[in-house]
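Summary of structural features
Residues per chain, in single letters:
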Amino acid sequence: MPADQLVQNLESALSMVPLIDAHSHIDPLSPVSKSLDDILGYHYYTELAHSAGMPQTLLAKDADPRDRVREIVRFMDRYDNTAQYGWFLDIARAFLGFEDGRKLVPADADRLFDVAAKTFAQPDWEAQVFAKSRLEKVFLTNEFDDPLKGFDTAKYVPCLRTDALVFHLDRPDTRRRLEAISGVHVRDGATLRMALARVFVHFTRNGAKACAISLPPNFHPAKFDDEHFYEQMQFHGFQDLAPGVFWLIAEYCRDFKLPFDLMIGVNRRVYDKGVYQGQDLFDQRTSLVQYKDLFNAFPDVTFPVSVLTSAQNQELVAHSWIFPNVLPNGHWWYSNTPPYIRKDLTERLTAVPKTKLIGYYSDAYKLEFVKPKYGMYRRILAHVLADEYVRPGALSETDAVALGTRLLRDNVKEVFKV
Amino acid sequence: MPADQLVQNLESALSMVPLIDAHSHIDPLSPVSKSLDDILGYHYYTELAHSAGMPQTLLAKDADPRDRVREIVRFMDRYDNTAQYGWFLDIARAFLGFEDGRKLVPADADRLFDVAAKTFAQPDWEAQVFAKSRLEKVFLTNEFDDPLKGFDTAKYVPCLRTDALVFHLDRPDTRRRLEAISGVHVRDGATLRMALARVFVHFTRNGAKACAISLPPNFHPAKFDDEHFYEQMQFHGFQDLAPGVFWLIAEYCRDFKLPFDLMIGVNRRVYDKGVYQGQDLFDQRTSLVQYKDLFNAFPDVTFPVSVLTSAQNQELVAHSWIFPNVLPNGHWWYSNTPPYIRKDLTERLTAVPKTKLIGYYSDAYKLEFVKPKYGMYRRILAHVLADEYVRPGALSETDAVALGTRLLRDNVKEVFKV
Amino acid sequence: MPADQLVQNLESALSMVPLIDAHSHIDPLSPVSKSLDDILGYHYYTELAHSAGMPQTLLAKDADPRDRVREIVRFMDRYDNTAQYGWFLDIARAFLGFEDGRKLVPADADRLFDVAAKTFAQPDWEAQVFAKSRLEKVFLTNEFDDPLKGFDTAKYVPCLRTDALVFHLDRPDTRRRLEAISGVHVRDGATLRMALARVFVHFTRNGAKACAISLPPNFHPAKFDDEHFYEQMQFHGFQDLAPGVFWLIAEYCRDFKLPFDLMIGVNRRVYDKGVYQGQDLFDQRTSLVQYKDLFNAFPDVTFPVSVLTSAQNQELVAHSWIFPNVLPNGHWWYSNTPPYIRKDLTERLTAVPKTKLIGYYSDAYKLEFVKPKYGMYRRILAHVLADEYVRPGALSETDAVALGTRLLRDNVKEVFKV
Ligand SMILES: [Zn+2]
Ligand SMILES: [Zn+2]
Ligand SMILES: [Zn+2]
């Protein structure tokens, strides 16, 4: 049953836009999948299969990849209603020759595993995926001591991820790694600043275009004075420094002119025995008002903000409407399914200047996921543009495609200067 | 003006599915209405009429039932926009011969009262309602000292309601009732465990298939040690034991293999002078993160969770997506109207394994309400299945009906083993 | 591309309903615009232009109005996706002869500025706007010491705004103004009561039909005793009196039979350097449960309640469903865009008695905004009535128009007795 013609036209036009994916976890040294196990080992599938009853036995590191794939596919008829299942079907169809309209059954696991092995082994597979996804550039998530060597930073754009610096400076290992990359032994505010400056120099010299961090619901940035840094470092094992280290990083984002991606709302390890990367949840009781001082103190830093819960989207809309330096950024994690995207996108589009809307990012671990995830987003975007702008007579089809292109591409280019 | 054909087909197919209603307040010894007063005395009608200006005079116990019905009907033209009015119209049409398309006016009260009296007096009325509603089984809400005698537990499935044990153990009357049913005089943790075990034995021997409780927004389960139980019982009048008693009940749910229905979010007696059962509201500031320890500690207990506010639905979706033992359960109370059901259902369907979705329960006090409430739900379910699955080409009509059937029936059977 | 016929019919019928606008910031001595600068100086445009990058230079008081208008129009192609841009286009078309279907470009600024100057200079412009907007009456927002002279209170309905009394009694200037209008020197609870009584006499004698206040998210009304008033006034500079002064005002609303409009949720001055009136945001973590004691203590006071966030709409729906004296009132500020109105309206319509729903108010500063804002609301209302009532067969077109009229007009007349 076809969607209506207008939506089809819009979706089809939007699918021609070359993508710049502003956030991913791609490893540039191993950007594509080597086996179907790389696809189905993605936490969305292990989470859903486990949630639906799959034991974690086959998720062990030394388990046979083919057995693991069989098991995850075997459980799919318990979660084939989900958006994530839809992504897999898209991948199977677009990359593995799985026939349109055919139902996926457990018996398909082996065949798909073999086809994937052969397909992914092609020497130009990476280039094929770029081409088939119309992908131009993809942002990475780099640890602060990443050497940033061995890949093309024009295609793989470095992004300085600062979670460890902010939240784990009390771990000796973090400090050792910081000393190794910066050559600075941190023991007070001054040396911390020096070390961070070196990290920023390292990253910007290597083409980094953004800084990023994920934050718990109760986080509250604050400026710490040197005395406080000294006291905590010398006498309290570098503990409780997160608000102040975060603030310093914002200062360097200002000085080095990097946008600072804030990904707000995650509570880590809520389900202790969950699958790898499937242990985090959130607490809806959080507010962007916690970032009031930050947004006021750094008018020259652009803050692309992702929120984990759709209920907080209105705060994001209102802050982006009022603060010139706050921008809504994509649809993150638990809000990255059609009903939330549809709602949050519509709310943003009708109230925030269009030049500030970063529509989407893939958050992918392997390049093969760029295509199905953006595909889902474009379908929803086409629907929203049709219903909110074209049908009421506010925009022509051509202008609606231009608006969609702005969200998909133009704003990423302008905000991150890529 | 007819809905579109696809939605009609789906709704019609779903209306053939025999229902197992997983939560109600039916009295199995008096399951059906005896007069129209039993229908319109339901708190939804007294609340709305009172909210719209009706004085509470005629709600007194000794008021004339016919006068009360007249009064509630007289106020209907102030709330005939509501979903609840729609339920009443369905009942009048399906059970009382009220003509389709006719407007309800105050003058109808007397005629309907008389028709109801005659209709409900038929000796096979209960069987008729079961048949007309395609109802197979309905879960009850039984106080912990319910004798569970005199009814067919294959049709009326006992469910142990534990609010009094958890929240009112400081009332001497609760402890007397507990001693009466268990034969145990509770004076410390050990005797409390013994008494609870006897209650669970009594219930499971009599066919109970679930344990249930409603919880305030600020509730936080916790494991108490025996010393703490002793101290509170001996020296503090059994006060502040709720978190710990709750925890013990979860332990017995594990041992006796009963799912534990959590109905989260109600603040009791917010409007002191409200009508009977029309005094409770909520506080949106609550989080499922309060149940983190519980969900981790009891991996073998299934927790079907109902939340009172739609804003918390995303937490429920995400917890059900991550925790194997957490399941979204129906649409409760203030979230049991079409816009909330539509939103919450769509969010759940696209992100939680389908085998974990318990679609709906009636929460009814009289069996006549099963039909209109499930009717409302099926209409919305048909729309959502059409829009999210059939029209985009993800499911055939047949498969969409199977998915709907899973929510309506299959999962209730599997989760509660009925 | 035309909307469907049913929606068009409903919208067209609703557009004939004469409006009574229950909340605005119109200055009755200068109700209409004098130049296009009055239109585009509205904070919605300065906020969006500034948020999209416009420097605030031209927003200075002594800047040239024509230059300011040029600048704001020049930035419009950064926010022409917003609902607020749609209002401006409606104004340009309805009042300034801007051609339907033409795109607005920076070059239009001058021409529109000139047309506006000529148009707004017509001696009967105010009457024309009333007629073209089908506006019958509009409520004002009057400071407590407004002389209320020089305008027709049948058209411009006074409303006592009490923010200063409640939140700024610690400012000597507020107390001086209170003494000037009331003739009472406030120094304790008794004199405060006397002064407030004089203010209420002054307002009700001059045709006031409502009292109003905007409240921060963490506000919690409370009854203060005279001792507490005395202590704070004599020894603590009149500080921290807000909860108690608010309570006294509720008492006078009761005694003088005025509805008390509560506008809940605004945090003032979050963005310090924002444009004029573009500095306020909110904190989603708030609950109507904070008003529990108030709603219980004043059963005879009608509280039309506006909430700033759509996430709180369910609390408003549930409180209006349970408390006879709580009514949902319009769509305020950050919730006054189509997606929020659509959601909140649908939720209210299906659960709150229709006689309690105050559909909309303009919140306008100049009369020209009544027409586009109500136009947006009526379009959404027509859609919701079509989808929720007419298409499912619950209401005829005629009855749906009657329901819409009730929200637009009848309830305002009944609730505020105008
Ligand atoms: Zn990520
Ligand atoms: Zn119940
Ligand atoms: Zn206002």
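Right, let's get into the overall build of chain A. Along chain A, the regular secondary structure elements total 17 helices and ten strands. By the compact-globule yardstick of 22 Å for 418 residues, chain A fits well, its C-alpha radius of gyration being 22 Å. On the principal axes, the C-alpha backbone points of chain A span a range of 65 × 60 × 40 Å. The buried share of chain A, taken over its 418 residues, is 62%. A separation threshold of at least 6 residues defines the contact pool for chain A, and within that pool the share at least 24 residues apart is 74%.

Of the transformation placing chain A onto chain C, the axial shift is 0.0 Å and the rotation is 120°, giving an RMSD of 0.0 Å. Here the symmetry operator amounts to a three-fold rotation axis. Comparing interface residues between copies, only 8% of those in chain A also sit at the interface in chain C, which points to a heterologous contact through distinct surfaces.

The subject of this paragraph is the domain arrangement of chain A. Residue and element names in this part refer to chain A. Each assigned domain of chain A is listed with its residue range as follows: domain 1 (35-120) and domain 2 (136-416). Placing the centre of domain 1 and that of domain 2 at their C-alpha centroids yields a distance of 30 Å. Across the contact, 19 residues belong to domain 1 and 22 residues belong to domain 2. When the buried surface of domain 1 facing domain 2 is broken down by residue, Tyr42, His43 and Trp87 rank first, second and third, together holding 33% of it.

Residue and element names in this part refer to chain B. On the protein side, the zinc ion (ligand 2) has His23 (NE2), His25 (NE2) and Asp363 (OD) as donor atoms, found 2.0 to 2.1 Å from it. Taken in chain order, the donor set of the zinc ion (ligand 2) reads H-x1-H-x337-D. Taken together, the residues span a long stretch of sequence, with His23 in the loop between strand 1 (19-21) and helix 2 (36-40) and Asp363 in the loop between helix 15 (338-349) and helix 16 (370-390) at a distance of 340 residues.

This part takes up the interface of chain A and chain C. At the interface, 39 residues of chain A touch 41 residues of chain C. Here chain A and chain C share an interface that buries about 3,200 Å² over both sides, 56% of which is from carbon and sulfur atoms. Ranking the residues of chain A by area buried against chain C places Gln314(A), Trp321(A) and Ile322(A) at the top, with a combined share of 25%. For the pair chain A and chain C, the number of links is three salt bridges.

The strands making up a sheet are joined through hydrogen bonds of the backbone, oriented either antiparallel or parallel. Residue and element names in this part refer to chain B. Pairing is parallel in the open sheet, where five strands are placed in the order 4-5-6-9-10. Each having just a single partner strand, strand 4 (159-161) and strand 10 (326-328) make up the two edges of the open sheet. Within this sheet the neighbouring strands show an average axis-to-axis angle of 25°, counted without direction. Where strand 5 (residues 210-215) meets strand 6 (residues 260-264), five bridges bridge the pair, whose relative direction is parallel. When the bridges of strand 6 are listed, Cys211 appears paired with Phe260.

With that out of the way, let us pick up the relation of the copies chain C and chain B. With an RMSD of 0.0 Å, the operation that places chain C on chain B is a rotation of 120° combined with a shift of 0.0 Å along the axis. Here only 8% of the contact residues of chain C are again contact residues in chain B; the copies associate through non-equivalent surfaces.

What follows is about the side chain of Glu47(C). On the secondary structure map, Glu47(C) appears in helix 3 (residues 43-51). Ignoring sequence-local partners within four residues, the contact set of Glu47(C) consists of Trp321(A), Ile322(A), Val275(C), Gln277(C) and Gly278(C).

All names here are of chain A. Across the sheet, three strands lie side by side as 1-2-3; this open sheet has parallel pairing. Each edge of the open sheet carries a strand with a single partner, namely strand 1 (19-21) and strand 3 (156-157). Taken together, the three bridges between strand 1 and strand 2 (residues 135-139) define a ladder with parallel strand orientation. When the sheet's bridge partners are listed, Asp21 is paired in strand 2 with Val138.

The next thing to look at is the pairing of strand 5 (residues 210-215) of chain A. Residues and elements named next belong to chain A. Summarising burial for strand 5: six of the six residues are buried, a large majority. Of the two faces of strand 5, the one holding Ala210, Ala212 and Ser214 and the one holding Cys211, Ile213 and Leu215 are both buried throughout. Pairing of strand 4 (residues 159-161) with strand 5 involves three bridges; the strand directions are parallel. Bridged to Cys159 within strand 5 is Ala210.

What follows is about the nonpolar core. Taken as a class, soluble globular proteins show a tendency for nonpolar side chains to be buried jointly. Formed by 425 residues in total, the largest nonpolar core has its most connected members in Phe260(A), Leu262(A), Phe260(B), Leu262(B), Phe260(C) and Leu262(C). The contact partners of Phe260(A), leaving out residues within four places of it in the chain, are Thr162(A), Cys211(A), Ala212(A), Ile213(A), Phe246(A), Ile249(A), Ala250(A), Cys253(A), Val301(A), Thr302(A), Phe303(A) and Pro304(A). Counting residues in each nonpolar core, the second largest holds 13 residues, with Cys159(B), Ala212(B), Ile358(B) and Val415(B) among its members.

Right, let's get into the environment of Gly150(A). Inspection of the secondary structure assignment puts Gly150(A) in the loop between strand 2 and strand 3. On a C-alpha basis, the gap between Gly150(A) and Leu29(A) in space is 7.1 Å, while along the polypeptide they are 121 residues apart.

Looking now at unusual backbone geometry. The phi dihedral of Lys257(B) falls on the positive side, at around 55°, and the residue is not glycine. Note on placement: Lys257(B) falls in the loop between helix 12 (242-255) and strand 6. Of note, the phi angle at Asp363(C) is positive, near 60°, even though the residue is not glycine. For Asp363(C), a relative accessible area of 9% translates into the label buried.

Moving on: the interface of chain C and chain B. In this assembly, 39 residues from chain C lie in contact with 41 residues from chain B. A combined buried area of about 3,200 Å² lies between chain C and chain B, and 56% of that area is made up of carbon and sulfur atoms. Ranking the residues of chain C by area buried against chain B places Gln314(C), Trp321(C) and Ile322(C) at the top, with a combined share of 25%. Inspection of the chain C/chain B interface yields three salt bridges. On inspection of chain C and its partner chain B, the count reaches 25 residue pairs in polar contact (both at pLDDT 80 or more). Elements with a minimum of two residues in the side of chain C that touches chain B: helix 13 (292-297), helix 14 (313-322), helix 15 (338-349), helix 16 (370-390) and helix 17 (397-416) of chain C. No other element matches helix 14 of chain C, which puts nine residues into the side of chain C that touches chain B.

All names here are of chain A. Counting across every chain of the model gives 87 salt bridges over all chains. Between Arg102 and Asp108 there is a salt bridge, and its shortest N-O distance comes to 2.3 Å. Accessibility expressed as a relative area gives 3% for Asp108, which makes it buried.

Moving on, we get to the packing of aromatic side chains. Residues and elements named next belong to chain C. Counted under the stated rule, the structure contains 96 aromatic pairs over all chains. A centroid spacing of 4.6 Å and a plane angle of 50° characterise the contact between Tyr42 and Phe369, whose relative ring orientation is tilted. With Tyr42 in the loop between helix 2 (36-40) and helix 3 and Phe369 in the loop between helix 15 and helix 16, this pair connects stretches of sequence that are 327 residues apart. Overall, the relative accessible area of 1% leaves Phe369 in the buried class.

When you tally the buried positions in helix 3 of chain C, you get nine out of nine residues, the bulk of the element. The secondary structure elements touched by the buried residues of helix 3 of chain C are helix 14 (313-322) of chain A together with helix 2, helix 4 (65-74), helix 5 (83-96) and helix 16 of chain C. A positive phi of about 120° marks Gly53(C), the residue just after helix 3 of chain C.

Helix packing geometry: the angle between the two helix axes and the distance between the axes. Residues and elements named next belong to chain B. Where helix 9 (residues 172-182) contacts helix 10 (residues 189-205), the two axes come as close as 9 Å, and the packing angle between them is 60°. By the angle class used here, helix 9 and helix 10 are oblique. The element helix 9 and its partner helix 10 pack so that their crossing is left-handed. Packed against helix 9, whose contacting residues are Leu178, Ile181 and Ser182, the element helix 10 presents Leu192, Ala195, Arg198, Val199 and His202 at the interface.

What follows is about the environment of His319(B). For His319(B), the position within the fold is in helix 14 (residues 313-322). Accessibility expressed as a relative area gives 0% for His319(B), which makes it buried. His319(B) sits 33 residues away from Val352(B) along the chain, and the two C-alpha atoms are 9.2 Å apart. Apart from residues lying up to four places away in sequence, His319(B) is in contact with Leu281(A), Phe282(A), Leu288(B), Val289(B), Phe295(B) and Val326(B).

Conventions and cut-offs
Residues numbered from 1 in each chain as written. Chains lettered and ligands numbered in written order. Predicted model: local features only at pLDDT ≥ 70, side-chain atom pairs only at ≥ 80, totals over all residues. Heavy atoms only, no water. Helix = DSSP H or I, 4+ residues; strand = E, 2+ residues; numbered from the N terminus. Rg over C-alpha atoms; globule rule 2.2 N^0.38 Å. Buried < 20%, exposed > 50% of the residue type's maximum accessible area, 1.4 Å probe, protein only. Contact = heavy atoms within 4.5 Å. Least-squares fit on C-alpha atoms with pLDDT ≥ 70 in both. Domains from an automatic or database assignment. Buried area = accessible area lost by both parts, 1.4 Å probe. Donors = N, O, S within 2.8 Å, 3.2 Å for Na, K, Ca; no water. Salt bridge = Lys/Arg side-chain N within 4 Å of Asp/Glu carboxyl O. Pairing = 2+ DSSP bridges. Axes fitted to C-alpha atoms, helices over the stretch in contact; angles between N-to-C directions. Core = buried A, V, L, I, M, F, W, Y, C linked by side-chain atoms within 4.5 Å. Polar contact = N/O pair within 3.5 Å; in protein donor to acceptor, adjacent residues only side chain to side chain. Phe/Tyr/Trp six-rings, centres within 6.5 Å; stacked < 30°, edge-to-face > 60°. Parallel < 35°, antiparallel > 145°, perpendicular 65-115°, else oblique. Left-handed = near helix turned anticlockwise from the far one by under 90°.

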